[in-house]
Amino acid sequence: MCRVRERLLSQGANIADAPCPEVTHLLLGVPSLEADGCLKNGGPLAPILETLPRDIHILGGDLDHPVLDGFQKIDLLKKESYLWENAAITADCAISLARQRMNRCWKDTKVLILGFGRIGFHLAVILNSLGAMVTVAARKESALAQAESMGLQATALDAFDPVSFTVIFNTVP
């Protein structure tokens, strides 16, 4: 959220920390809501919405909930550009966390990536560029073919030996 706030401020946006009639956009976390309409890790959204104009744009994720009926919604989880950028950030953070626990560099490290969706793809590209020996395990033949076309090793999800890898990243939902 801080990165978004900084970006908006740098672009000249006015940011309000409390609901008021002048607010034009409401940025929620992603995903945004619990099943009962409360904010994820927060309180009820309805009292906040009551203080805002009805023509406000609400940005967040998984916004299909009756509490938001009648509001203009921008669901970030339905935007490919957001999903790919989020995957790149997630992969970068996962690599940083794994590196903190290793007693070696990535070069020649045998890495297995389970799944080859957005996050698995980014992990593979970054780790390969760092010199890791990357193997991708996926269920879709097209994902395995894509990994091989990138110069990576590829195997079916049920056909790998986990003992032969130093680091395993699981991106399978």
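Everything below is about the structure printed above this text.
Below: a short report on this structure. For every chain, the first residue of the written sequence is number 1, and numbering continues from 1 onward in sequence order. Where local features are concerned, this predicted model is filtered to residues with pLDDT of at least 70; where side-chain atom pairs are given and counted, the filter is 80 or more; whole-chain, interface and lining totals use all residues. With hydrogens and water stripped out, all remaining heavy atoms of the structure feed into the side-chain values.

## Section: the overall build of the protein
Right, so step 1: Helix and strand definitions here come from DSSP, where helices need a minimum of 4 consecutive H or I residues and strands a minimum of 2 consecutive E residues; each element is numbered from the N-terminal end. Tallying secondary structure elements over the protein gives five helices and seven strands in all.
Right, so step 2: Reading the protein from its N end, one meets helices and strands in the order α-β-α-β-β-α-β-α-β-α-β-β.
Right, so step 3: Within these notes, the globule rule equals 2.2 Å times the number of residues to the 0.38 power, and the radius of gyration is based on C-alpha atoms. Over its C-alpha atoms the protein spans a radius of gyration of 21 Å, topping by over 25% the 16 Å that the globule rule assigns to 173 residues.
Right, so step 4: Expressed as lengths along the three principal axes of its C-alpha atoms, the size of the protein is roughly 60 × 30 × 25 Å.
Right, so step 5: For the protein, with 173 residues in total, the buried portion stands at 32%.
Right, so step 6: Across the protein, the fraction of contacts at a sequence separation of at least 24, relative to all contacts at a separation of at least 6, is 52%.
Right, so step 7: Counted as positive: Lys and Arg. Counted as negative: Asp and Glu, with His and the chain ends omitted from the count. Here the site of a charge means atom NZ of a Lys, CZ of an Arg, CG of an Asp or CD of a Glu. Across the protein, the 16 positively charged side chains and the 19 negatively charged ones have centroids separated by 6 Å. Accessible area is worked out with a 1.4 Å probe on protein chains only. A residue is then buried under 20% of its type maximum, exposed over 50%, and partly exposed in between. We call two residues in contact whenever any of their non-hydrogen atoms come within 4.5 Å of each other.

## Section: the packing of helix 3 (residues 80-100) against helix 4 (residues 118-129)
Right, so step 1: To obtain an axis, a line is fitted to C-alpha atoms, over the contacting stretch when the element is a helix, and the angle between two such axes runs from 0 to 180 degrees between their N-to-C directions. With their axes 8 Å apart at the nearest point, helix 3 and helix 4 run at an angle of 50 degrees to one another. With respect to helix 4, the element helix 3 is oriented oblique. Handedness of the helix 3/helix 4 crossing: right-handed. Residue-level inspection shows Glu80, Leu83, Trp84, Ala87, Ala88, Thr90, Ala91, Asp92, Ala94 and Ile95 of helix 3 in contact with helix 4, the latter providing Arg118, Ile119, Phe121, His122, Leu123, Ile126 and Leu127.
Right, so step 2: Residues are sorted three ways: Asp, Glu, Lys and Arg are charged, Ala, Val, Leu, Ile, Met, Phe, Trp, Tyr, Cys and Pro are nonpolar, and all the rest, Gly among them, are polar. Classifying every residue of the contact of helix 3 with helix 4 by side-chain character gives 12 nonpolar, two polar and three charged. Oblique is the label for any angle not under 35 degrees, not over 145, and not in the 65 to 115 range, which are roughly parallel, roughly antiparallel and roughly perpendicular in turn. Two helices crossing with the near one rotated counterclockwise from the far one by less than a right angle form a left-handed crossing, whereas a clockwise rotation gives a right-handed crossing.

## A word on the packing of aromatic side chains
Right, so step 1: For this analysis, a ring pair means two rings from Phe, Tyr or Trp (six-membered ring only for Trp) whose centres lie within 6.5 Å, classed as stacked if their planes differ by under 30 degrees, edge-to-face if by over 60, and tilted for the remaining angles. Scanning the model with the defined rule gives three aromatic pairs in all.
Right, so step 2: When the centroid spacing of 5.8 Å and the interplanar angle of 85 degrees are considered together, the rings of Trp84 and Phe121 count as edge-to-face. Here Trp84, found in helix 3, pairs with Phe121, found in helix 4; they are 37 residues apart in sequence, far enough to count as distant.
Right, so step 3: On the basis of relative accessibility, which here comes to 23%, the residue Phe121 falls in the partly exposed class.
Right, so step 4: Consider the rings of Trp106 and Phe169, whose centres lie 6.2 Å apart with planes at 35 degrees: the pair is tilted. Placement of the pair is Trp106 in the loop between helix 3 and strand 4 (110-114) and Phe169 in strand 7 (residues 167-170), with a sequence separation of 63 residues.
Right, so step 5: A residue is classified by how much of its surface remains accessible, and Trp106, at 6% relative accessible area, is buried.
Right, so step 6: In this structure Phe169 comes out as buried when scored by relative accessible area, which is 9%.
Right, so step 7: Ring-pair connections join several aromatic residues into one group, and the members of that group are Trp84, Phe116 and Phe121.

## A word on helix 5 (residues 141-149)
Right, so step 1: Ala143, Leu144 and Ala147 are the residues of helix 5 that are buried. Around the axis of helix 5, the buried residues are gathered within 100 degrees of arc, so they sit on the same side. For helix 5, the exposed residues lying more than 90 degrees away from the buried face are Glu141, Ser142 and Ser149.
Right, so step 2: On its buried face, helix 5 is in contact with strand 5 (133-138) and strand 6 (153-156).
Right, so step 3: Directly beyond the C-terminal end of helix 5, a positive phi value near 85 degrees is found at Gly151. By construction, the arc corresponds to the directions joining the helix axis to the C-beta atoms.

## Observations regarding the sheet that holds strand 2 (residues 57-60)
Right, so step 1: Pairing is parallel across the open sheet formed by three strands, whose spatial order is 1-2-3. Unpaired on one side and paired on the other, strand 1 (25-27) and strand 3 (72-75) mark the two borders of the sheet. On average, each strand axis in the sheet is tilted by 20 degrees relative to the strand beside it, whichever way the strands run. What makes two strands pair is DSSP finding at least two bridges between them.

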